[in-house]
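Report on the structure
The chain contents come next:
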Protein chains: 2
Amino acid sequence: MANPLPRDPIADAQRNWERSGWGNTAAPMAAITAIMRTQQILLARIENVLKPFGLTFARYELLALLSFARTGALPMNKASALLQVHPTSVTNAVDRLEKSGLVVRSPHPTDGRTTLVELTTEGRTMAKRATAALNNEVFSQSGFADDDVEHLIRIFGSFRRRAGDFNDVDDLSTR
Amino acid sequence: MANPLPRDPIADAQRNWERSGWGNTAAPMAAITAIMRTQQILLARIENVLKPFGLTFARYELLALLSFARTGALPMNKASALLQVHPTSVTNAVDRLEKSGLVVRSPHPTDGRTTLVELTTEGRTMAKRATAALNNEVFSQSGFADDDVEHLIRIFGSFRRRAGDFNDVDDLSTR
DNA sequence: TCCAAACCCTTGGATGTCCTAGTATATTGC
DNA sequence: GCAATATACTAGGACATCCAAGGGTTTGGA
């Protein structure tokens, strides 16, 4: 990890924006830049925890998704939709997970176009272990206050819905 | 863009987490996953706006950084530190920007190890144009309410400081 | 019935990020 | 003053993401 900078580079950028006549968009610019940087920091922490398992975050997400599927299997296109990544990214992840013996591909029983990805026994075990590690080493000490976590879930939930990610109006806080 | 899902996959994941005995970390997990997805959406929007300019976000960030430097030039290691990316990522970006004629490399006047990256006239023009496009097409319609933008800047500012990004306690709201 | 359109997955290519290692230059300490 | 250590940049490799294009399978309308 590099040494801390003396000043916040994003706050500096915000000032530069304002000084250049973009005062009305300086704040959203700063917020978006902060999201980018935060994502980078969090992803690095996650990858660091997953490395001993021989997993990356992309592959872990697929394992976790499969572990919550009723039968431990999903069509590739379904996984792509739920993970919200390009189909080729799923192909890539499945290739590597299959080489590691954590998932297997099988033909869809009724649709010849579709391929199912299924968790192996080792895959299910790996998903459990990796999940425990992530919860214990990352999520339980995220660095966000409880209130802020709720803020983030709400703000980004609205954002993602408006961005076209999903249609429902489900609100966990009302359960 | 894919069609919207009927349900929010992150809210579903949060429920699965709770059902599996990870109730205490389900919320931070959901918040972090939402940050990842939001970053992906925003990056796609930004790349989309920059594409006509032949720029990517990584290259744009370097151009913007240089455009705010007093002399339009910075040592590579300085750029790496301020952009908070690996030195090799800067090398990569400079290689491509140099091929496009937007920046030039030059030796540091007193330190033989250091290379300066400097904006060309075309580079400065490009930075201005791309910045205007991003402000008009992305930042001015970020999809976040003004209040939420302030929340995000505050929350992620604290997070980044605690993560070791920078040392100051600068708070824009007190200016 | 049958062919065009739609859908599913994969291959190949472009980019970005990081890590590791190697080369060159500066700085430090004895 | 010189060797050891630190610093700066780059080359090569592993992965991830997306896009474009191609081949196989289904579906749907004439």
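Quick note: structure is the one above.
Heads up: these notes are all about the structure in this document. What you see is a predicted model, and the numbers here were worked out from it, not measured in a lab.

Okay, the pattern of salt bridges next. This structure, assessed with the given rule, holds 16 salt bridges over all chains. Here Arg154(A) makes a salt bridge to Asp148(B), at a shortest N to O gap of 3.5 Å. Within this pair, whereas Arg154(A) is found in helix H7 (residues 146–162), its partner Asp148(B) is found in helix H7 (residues 146–162), the two belonging to separate chains. Since its relative accessible area comes to 41%, Arg154(A) is described here as partly exposed. Its relative accessible area of 13% is what places Asp148(B) among the buried residues. A salt bridge links Arg15(B) to Asp12(B); its shortest N-O distance comes to 2.6 Å. With Arg15(B) and Asp12(B) both in helix H1 (residues 9–19) and three residues apart, this pair spans about one turn of that helix. There is no split in this pair, since Arg15(B) and Asp12(B) are both buried.

Glancing now at the packing of aromatic side chains. Enumeration according to the criterion identifies 11 aromatic pairs over all chains in this entry. Relative to Trp17(B), the ring of Phe139(A) lies with its centre 6.4 Å away and its plane at 70°, an arrangement referred to as edge-to-face. On the criterion of chain membership, the pair formed by Phe139(A) in the loop between helix H6 (121–137) and H7 and Trp17(B) in helix H1 is interchain, its members lying in two chains. Ring centres of Phe144(A) and Phe156(B) lie 6.1 Å apart, and the angle between their planes is 70°; on these two criteria the pair is classed as edge-to-face. With Phe144(A) in the loop between H6 and H7 and Phe156(B) in helix H7, this residue pair bridges two chains. Considered together, Phe144(A) and Phe156(B) belong to a single accessibility category, that of buried residues. An aromatic cluster is present here, built from Phe144(A), Phe156(A), Phe159(A), Phe144(B), Phe156(B) and Phe159(B) joined pairwise through their rings.

All names here are of chain B. Across three bridges, the pairing between strand S1 (residues 73–75) and strand S3 (residues 115–119) is antiparallel. Its bridge partner being in S3, Ala-73 is matched across the sheet by Glu-118. Direction of pairing for strand S2 (residues 103–107) relative to S3: antiparallel, over a ladder of five bridges. When the bridges of S3 are listed, Val-104 appears paired with Glu-118.

As a further point, take the relation of the copies chain B and chain A. With an axial shift of 0.0 Å and an RMSD of 0.0 Å, the rotation relating chain B to chain A amounts to 180°. Classification of the inter-copy transformation places it as that of a two-fold axis.

Note on sheets: strands pair through backbone hydrogen bonds, and any given pair is parallel or antiparallel. Residues and elements named next belong to chain B. Pairing is antiparallel across the open sheet formed by three strands, whose spatial order is S1-S3-S2. Each end of this open sheet is capped by a strand with a single partner; those strands are S1 and S2. Ignoring which end each strand starts from, the neighbouring axes of this sheet average 25° apart. Docked against the sheet, helix H3 (residues 57–67) engages S1, S2 and S3, running at close to 85° with respect to S3.

Time to look at the sheet that holds strand S2 (residues 103–107) of chain A. Residues and elements named next belong to chain A. With respect to topology, three strands assemble into an open sheet ordered S1-S3-S2, the strand pairing being antiparallel. The open sheet has two free edges, formed respectively by strand S1 (73–75) and S2, since each of these has just one partner strand. When the angles between neighbouring strand axes are averaged without regard to direction, this sheet yields 25°. Across the sheet, helix H3 (residues 57–67) lies against S1, S2 and strand S3 (115–119), angled at about 85° from S3, the strand it touches most.

About the cut-offs
Residues numbered from 1 in each chain as written. Chains lettered and ligands numbered in written order. Predicted model: local features only at pLDDT ≥ 70, side-chain atom pairs only at ≥ 80, totals over all residues. Heavy atoms only, no water. Salt bridge = Lys/Arg side-chain N within 4 Å of Asp/Glu carboxyl O. Helix = DSSP H or I, 4+ residues; strand = E, 2+ residues; numbered from the N terminus. Buried < 20%, exposed > 50% of the residue type's maximum accessible area, 1.4 Å probe, protein only. Phe/Tyr/Trp six-rings, centres within 6.5 Å; stacked < 30°, edge-to-face > 60°. Pairing = 2+ DSSP bridges. Least-squares fit on C-alpha atoms with pLDDT ≥ 70 in both. Axes fitted to C-alpha atoms, helices over the stretch in contact; angles between N-to-C directions. Contact = heavy atoms within 4.5 Å.

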